[in-house]
Amino acid sequence: MKLFQRLAPLVLFLTLLYQSSYGVSEVVSGEKMFRFSSFGTLALTRGGDDNLGFRGDLDRESLFDGDWSLVPDSVLGLQMDMQFNERFGGAVQLVGKDRAEDSIENSLEWAFLRYRLNPDWTIRAGRIGTDLFMLSDYRNVGFAYLWTRPPPEFYTPLAFPNRDGVDVIWSSNVGDGRLRAKLLVNTSQSTISVADTLIDLELKLSVGATISWETEHWQLKFSASENEFGQEGSYFPGTDPLADALLQASVIWPEAAGISEQLKINKPKIQYYAIGAAYVANPWQIQSEISYFASDMEVYPPSLNGYVSVGYQMGSVTPFLLAAFIEPQETRKELPESPVISPAPVITEQLAFLRQITQTVFDSTRIGQRSVSTGLRWDLRYNLALKAQWDHSWVDRYSGGLWDIRAVPSTNQEIDTFSVNLNFVFR
């Protein structure tokens, strides 16, 4: 059992106890200021079944067999904000959670410096959160939103939680709100787990832009980016041995060479577009986002994702409803049947097994799913919230890519996920 699995609940509880007694720590000296804060989620989750393992993000450990666990959703975050003078500052954020590959580097969510050229223009450089959606700045801060976790149908396919690079931000008051535009150039790496196998993903270059407008009650945001995924001409991460086996089999199964070619990243560019809107005015809290992945890669098909959430606050309790979906935009890829070689039944079985494994690879990255969720948030204090949520998901056959897959479902599946969270934040 990993170290985080053993210590996360205890660390979260001790941090909560300490911070509630002593509050936030600030160090001020002349024009220098360091401000320390923390946030966390102590989460009890029940999900998955025999073949599909629940995971809130692709880089996290999975939960199978409908068991209860503190591991999948629990988070502990520590943040240091720096402000050296009126123009120069930065931030460092460490997030502890159980990952497919635990390391200090993966735990470092933010580590950037910020320089304000004038009241309208700001430049940041370093490790920055992925700013392509409405929860960009607080995806790990469960206290900041209604649900026990961001909707997986919308947020889980974004396999790169942070980026290393530069962004330039312009902001100004427009009408009754604040208009902000951002240009960003960055790279990223991530490690995910698929069928107990670690796969390293590389985002070689991402160039994007966002435009947002915020008023007292409204928030609107549009994002667009072009992303170069991996090395052109290389095989999709983790499929090199399979591609080699297909090439060897092409001597007696000619179609295998073409299948091997489909595992390559011949067109590594992925376009991502998203638009979101939120309305918050007591007692209503309404939020929705929709996005589109445009991809020419056979192993990463295009998809349309979205959700809508409605909450109604009644005193300190806010019940909510959430509906989310992700729809593949291409039909399922079905591989040609492997040949039957009558004089050699063993070779026939080996070719059939090779075809089955390859078909599983294509099916494992395909995603088709809809979910409805209901729950409530109870604000115990100004910085402490208790949440409970039930999710019912319809998973299309051969389309379970949001889950960790032991066996690709050949029929439509329905899965329930239950979660109870205690969220805290100290600033």
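Check the entry above for the structure.
Residues numbered from 1 in each chain as written. Predicted model: local features only at pLDDT ≥ 70, side-chain atom pairs only at ≥ 80, totals over all residues. Heavy atoms only, no water.

A. Here's a closer look at the overall build of the protein chain. Regarding its fold elements, the protein chain presents 6 helices and 20 strands. For the protein chain, the C-alpha radius of gyration of 23 Å lies close to 22 Å, the compact-globule estimate for 427 residues. With the C-alpha coordinates aligned to their principal axes, the bounding extent of the protein chain is approximately 85 × 45 × 40 Å. Buried positions account for 48% of the 427 residues belonging to the protein chain. Partitioning the contacts of the protein chain with sequence separation of at least 6, the portion at a separation of at least 24 is 63%. As displayed, the protein chain offers around 20200 Å² of accessible surface, 58% of which is attributable to carbon and sulfur atoms. (Helix = DSSP H or I, 4+ residues; strand = E, 2+ residues; numbered from the N terminus. Rg over C-alpha atoms; globule rule 2.2 N^0.38 Å. Buried < 20%, exposed > 50% of the residue type's maximum accessible area, 1.4 Å probe, protein only. Contact = heavy atoms within 4.5 Å. Areas by Shrake-Rupley, 256 points an atom, 1.4 Å probe, with all protein chains shown as cover.)

B. Fine view of the side chain of Arg149. Positionally, Arg149 belongs in the loop between β8 (121-129) and α3 (152-155). A polar contact is formed between the side chain of Arg149 and the side chain of Asp73, at a distance of 2.9 Å. (Polar contact = N/O pair within 3.5 Å; in protein donor to acceptor, adjacent residues only side chain to side chain.)

C. Structural context of the nonpolar core. Core analysis: the biggest nonpolar cluster contains 44 residues, and Trp147, Phe229, Leu246 and Leu263 have the highest contact counts within it. Secondary-structure elements contributing two or more residues to this core are α3, β11 (197-214), α4 (240-249), α5 (255-262), β13 (269-281), β16 (317-328) and α6 (345-365). Grouped together as the second largest cluster of nonpolar side chains are 12 residues, Leu52, Phe54, Ile326 and Val395 included. (Core = buried A, V, L, I, M, F, W, Y, C linked by side-chain atoms within 4.5 Å.)

D. Highlighting α5. For α5, the complete set of buried residues consists of Ala256, Ile259 and Ser260. Projected down its long axis, α5 shows its buried positions confined to an angular sector of 105 degrees, all on one face. (Arc of directions from axis to C-beta.)

E. Looking closely at the packing of aromatic side chains. Taken as a whole and judged by the stated rule, the model has 18 aromatic pairs. Between Phe293 and Tyr300, the ring centres sit 6.3 Å apart and the planes meet at 70 degrees, which makes this aromatic pair edge-to-face. Classification of Phe293 as buried rests on a relative accessible area of 5%. Note that Arg332 overlies the ring of Tyr398, its terminal NZ or CZ placed 3.5 Å from the centroid. Positioned over the ring face of Phe64 is Arg406, at 3.8 Å from the centre of the ring. (Phe/Tyr/Trp six-rings, centres within 6.5 Å; stacked < 30°, edge-to-face > 60°. Lys NZ or Arg CZ within 6 Å of the ring centre and 35° of its normal.)

F. Focus on α4. Regarding α4, the residues found buried are Leu242, Ala243, Leu246 and Ala249. Axial view of α4: buried residues confined to an arc of 125 degrees, hence all on one face. Exposed and facing more than 90 degrees away from the buried side of α4 are Pro241 and Gln248. Elements that come into contact with the buried residues of α4 comprise α5 and α6.

G. Examining the environment of Leu108 more closely. Within the element layout of this structure, Leu108 appears in strand β7 (residues 108-116). The contact partners of Leu108, leaving out residues within four places of it in the chain, are Val92, Gln93, Leu94, Arg127 and Asn162.

H. Spotlight on a nonpolar patch on the surface. On the surface, Phe88, Leu113, Tyr115, Leu117, Trp121, Ile123, Val166, Val168 and Leu183 cluster together to form a nonpolar patch covering roughly 740 Å² of accessible area. Within the residue set of the nonpolar patch, elements represented by two or more residues are β7, β8 and β9 (162-174). Assignment of secondary structure puts Leu113 in strand β7. Leu113 sits in the partly exposed class, given a relative accessible area of 42%. (Patch = residues over 30% accessible without salt bridge, like charges linked within 9 Å, V, L, I, M, F, W, Y side chains within 5 Å. Salt bridge = Lys/Arg side-chain N within 4 Å of Asp/Glu carboxyl O.)

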